[in-house]
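# Per-entry structural report
The residues making up each chain are set out below.
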Amino acid sequence: MSKKLYILSVDGGGLKGLVAIRILKIIEDITKKRITDTFNLMGGTSTGGLIVSALTVKEKDKDKPRFNLDQIEGMYLEAAQTVFQQGGFNLTGYETDHLNNLLERCFDSIPIADTLIPIFVPTYDLNENRIIVFKTRSAREDQTKNITLFDVGRATSAIPPVFPTYSLKYNNRELKCIDSGYYIKNPSIAVLAEAWKHKEYYVSSDVKEEDIVLLSVSTGNFSQRNKSWSSDIDEVLPDQGIAKKYIKDQGLKIDLRKVKYMRIDLNFGGGAFNLMKLIEVGDRLEGLSQDGTFRNEISNLLKN
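Residues numbered from 1 in each chain as written. Predicted model: local features only at pLDDT ≥ 70, side-chain atom pairs only at ≥ 80, totals over all residues. Heavy atoms only, no water.

## Here we look at helix α1 (residues 17–31)
An α-helical segment advances 3.6 residues per turn. Residues three or four places apart therefore align on the same side. Here α1 contains 15 residues, and its C-alpha end-to-end distance of 21 Å stays within 8% of the 21 Å for a straight helix at 1.5 Å per residue. Among the 15 residues in α1, 11 count as buried, and that is most of the element. Of all the positions in α1, only Gly17, Leu18, Val19, Ala20, Ile21, Ile23, Leu24, Ile26, Ile27, Ile30 and Thr31 are classed as buried. The positive-phi residue at the C-terminal boundary of α1 is Lys32, with phi of around 60 degrees. (Helix = DSSP H or I, 4+ residues; strand = E, 2+ residues; numbered from the N terminus. Expected span 1.5 Å × (residues − 1). Buried < 20%, exposed > 50% of the residue type's maximum accessible area, 1.4 Å probe, protein only.)

Here's what the structure looks like:
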């Protein structure tokens, strides 16, 4: 890795994580590198947290990813038939069992401290009514924060009534977790704050704002403010009130306008998402893949 700090952020959105996975496959095609070979830190909320966790699981006794994006997409397609039937709201009563089985197969009992590269995954604790963020960095520094990736996945994706609240012990406290997507669906600015506050951990204390690269991947926003991609960080800031407050509360001084930023957001609208919807937006994903301007911008953004 160079002295630049490369950050990936993936939104929440349930089965719409399939869209983010397809976008990440386009990124790999452009860079000719695995996602884990490009970024120093990856953050994600809910389905985004599941994706970055799965990407950073290591093969047993090897410093390489256990899963590639095709395999992760395959797990999502399986989940479309069991966990997220008809967009996640045609409940059968077995959704939680199916999700647990998938997470167990993917993560075993691997702790968050053992991820290939550091991750940042938020949840919301109902006991104290606040956001809690599970971080590889914190887990490596404090064993009471070193929970399993299974626990991380369940805590960040607990969306009642589809999935019940998830209880676990973290930092010597009992948490009662739900999906934090309502509060921080797009975690890009929050994960940027983590990276800036602890830049000596992720790269070097000498890193400047202009050395930071932040790629934010949407799962399909309902807003029409953006085009398919944007490098204007102000376009996302109005939706980041909690994250901006976090930056302020931490006493962080960072000029966000200097950060090299891109948000990819196809804006395919609201409504329930299922595999038929994915087919409908397939042409837009293909168009993004073939867009020469987009490919050049990604190449320039992520070059080491």
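## Here we look at the pairing of strand β7 (residues 212–217)
Burial analysis of β7 places six of its six residues in the buried class, the great majority of the element. Of the two faces of β7, the one lined by Ile212, Leu214 and Ser216 and the one lined by Val213, Leu215 and Val217 are each fully buried. Here five bridges tie β7 to strand β9 (residues 260–264), and the two strands are oriented parallel to one another. Paired with Leu215 across the strands is Met262, a residue of β9. (Pairing = 2+ DSSP bridges.)

## Some words on the side chain of Thr156
Checked against the element boundaries, Thr156 lands in helix α6 (residues 149–156). In this structure Thr156 touches Thr45, Ser46, Val121, Pro122, Thr123, Asp179 and Ser180, once residues within four positions along its chain are discounted. (Contact = heavy atoms within 4.5 Å.)

## A word on the packing of α1 against helix α2 (residues 47–56)
The N-to-C vectors of α1 and α2 enclose an angle of 40 degrees; their axes lie 9 Å apart at closest approach. In terms of orientation, α1 lies oblique with respect to α2. Crossing angle aside, the handedness with which α1 passes α2 is right-handed. Residues Gly17, Ala20, Ile21 and Leu24 of α1 touch α2, and the partners they reach there are Thr47, Ile51 and Leu55. A class-by-class count of the residues in the contact of α1 with α2 yields five nonpolar, two polar and no charged. (Axes fitted to C-alpha atoms, helices over the stretch in contact; angles between N-to-C directions. Parallel < 35°, antiparallel > 145°, perpendicular 65-115°, else oblique. Left-handed = near helix turned anticlockwise from the far one by under 90°. Nonpolar A, V, L, I, M, F, W, Y, C, P; charged D, E, K, R; others polar.)

## Some thoughts on the side chain of Ser218
Within the secondary structure, Ser218 sits in the loop between β7 and β8 (229–230). Engagement of the side chain of Ser218 in a polar contact is seen with the side chain of Asp265, the distance being 3.3 Å. Residue contacts for Ser218: discarding those within four places in its chain leaves Asp11, Val19, Ala20, Ile23, Arg263, Ile264 and Asp265. (Polar contact = N/O pair within 3.5 Å; in protein donor to acceptor, adjacent residues only side chain to side chain.)

## Focus on the packing of aromatic side chains
Applying the stated criterion across every chain, the model contains six aromatic pairs. On the basis of an interplanar angle of 85 degrees and a centroid distance of 5.1 Å, the ring pair of Tyr182 and Tyr183 is categorised as edge-to-face. Overall, Tyr182 belongs to the exposed group, its relative accessible area being 75%. Grouping aromatic residues by their ring pairs yields a cluster made of Tyr124, Tyr182 and Tyr183. A cation sits over an aromatic face here: Lys199 above Trp196, 3.8 Å from the ring centre. (Phe/Tyr/Trp six-rings, centres within 6.5 Å; stacked < 30°, edge-to-face > 60°. Lys NZ or Arg CZ within 6 Å of the ring centre and 35° of its normal.)

## Digging into the pattern of salt bridges
In this structure the tally under the stated criterion is 18 salt bridges. Residue Lys3 pairs with Asp206 through a salt bridge whose shortest N-O separation is 3.8 Å. Of this pair, Lys3 sits in the segment before β1 (5–10) while Asp206 sits in the loop between α9 (199–202) and β7; the two residues are 203 residues apart in sequence, bridging distant segments of the chain. The exposure class of Asp206 is partly exposed, given its relative accessible area of 46%. Linking Glu128 and Arg173 is a salt bridge whose minimum nitrogen-to-oxygen distance equals 3.2 Å. (Salt bridge = Lys/Arg side-chain N within 4 Å of Asp/Glu carboxyl O.)

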